[in-house]
Amino acid sequence: MSDRGWILNPAAIAAAKACILIVQEELGVKLRLSHPQFIELLNEYCELTASAKLETAYLNLMSFAEAKNKESKVRRKSTVLQPSTKTSNSDRVTFKGKSYLRYDQSGREFQGLYRGGARYA
């Protein structure tokens, strides 16, 4: 997430700290609020643990950032489609006149371009 305007809200910082504590308790990982991909890492940890407590804290945090970020839903590993070994026209997306793979090697879906490169989430 490139826009971190939500971080100026004290309630959002409190929600982020709650997420950090839950991640540290459940995974033993010390996540820092200053990490450039803080929101994305939280989303991945929600997928990894399938913890209701972490998911609730994450969604609470996303209520502050959802105007800035459209990825406020927690994705589950079971719902992420895996890429096929063959690439056909249905496995590709046309974006701004160029063709891109719909899913990358790790199963993440094409979300657009960032600085000229394909972005998958």
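Note that the structure is predicted; figures quoted are calculated from it, not measured.

This brings us to helix H1 (residues 10-27). Over its 18 residues, H1 extends 25 Å from the first C-alpha to the last, a length consistent with the 26 Å expected when each residue adds 1.5 Å. When H1 is considered as a whole, its buried residues turn out to be Ala-12, Ala-15, Ala-16, Cys-19, Ile-20, Ile-22 and Val-23. The buried residues of H1 all sit within an arc of 165° when viewed along its axis, so they share a single face. Looking at H1, the residues exposed on the side facing more than 90 degrees away from the buried face are Pro-10, Lys-17, Leu-21 and Glu-25. Packed against the buried residues of H1 are helix H2 (38-49) and helix H3 (52-65). Where H1 begins, the capping side chain belongs to Asn-9, and its oxygen is found 3.0 Å from the backbone nitrogen of Ala-11. After H1 finishes, the residue Gly-28 shows a positive phi value of roughly 75°.

Per the counting criterion, the structure on display carries three aromatic pairs. Ring centres of Phe-95 and Phe-110 lie 5.7 Å apart, and the angle between their planes is 70°; this geometry places the pair in the edge-to-face category. Taken together, the positions of Phe-95 in strand S1 (residues 92-95) and Phe-110 in strand S3 (residues 110-114) put the pair 15 residues apart, joining distant regions of the chain. Residue classification places Phe-95 among the partly exposed residues on the basis of a relative accessible area of 28%. Where Phe-110 meets Tyr-120, the ring centres are 5.8 Å apart and the plane angle is 70°; that geometry is what we call edge-to-face.

All right, on to the environment of Asp-104 then. On the secondary structure map, Asp-104 appears in the loop between strand S2 (98-101) and S3. Look at Asp-104 and you get buried, because its relative accessible area is 9%. There is a polar contact of 2.8 Å between the side chain of Asp-104 and the side chain of Arg-108.

So, about the confidence of the model for the protein chain. Per-residue pLDDT for the protein chain averages 77, and the proportion of residues at 70 or more is 78%. S1 is the least confidently modelled element of the protein chain, averaging 84 in pLDDT, while H1 averages 89, the highest of any element. Between residues 67-72, whose pLDDT stays under 50, and residues either more than four places distant or in other chains, the model counts 12 contacts. Low pLDDT, under 50, characterises residues 77-87; the predicted model gives this stretch 11 contacts beyond four residues in sequence or across chains.

Our focus in this paragraph is the environment of Val-93. Structurally, Val-93 can be placed in strand S1. Those residues within four positions of Val-93 in sequence are excluded, and the remaining contacts are Lys-98, Ser-99, Tyr-100, Arg-102 and Phe-110.

Time to look at the nonpolar core. Grouped together as the largest cluster of nonpolar side chains are 22 residues, with contacts concentrated most on Trp-6, Phe-38, Ile-39, Leu-42, Leu-54 and Leu-61. Sorting the residues of this core by element identifies H1, H2 and H3 as the ones contributing at least two each. Per element, the largest residue contribution to this core is seven residues, and it comes from H1. In this structure, Leu-42 is in contact with Cys-19, Val-23, Leu-31, Leu-54, Tyr-58 and Leu-61, ignoring residues within four places of it in sequence.

Criteria and cut-off values
- Residues numbered from 1 in each chain as written.
- Predicted model: local features only at pLDDT ≥ 70, side-chain atom pairs only at ≥ 80, totals over all residues.
- Heavy atoms only, no water.
- Helix = DSSP H or I, 4+ residues; strand = E, 2+ residues; numbered from the N terminus.
- Expected span 1.5 Å × (residues − 1).
- Buried < 20%, exposed > 50% of the residue type's maximum accessible area, 1.4 Å probe, protein only.
- Arc of directions from axis to C-beta.
- Contact = heavy atoms within 4.5 Å.
- Polar contact = N/O pair within 3.5 Å; in protein donor to acceptor, adjacent residues only side chain to side chain.
- Phe/Tyr/Trp six-rings, centres within 6.5 Å; stacked < 30°, edge-to-face > 60°.
- pLDDT = per-residue confidence, 0-100.
- Core = buried A, V, L, I, M, F, W, Y, C linked by side-chain atoms within 4.5 Å.

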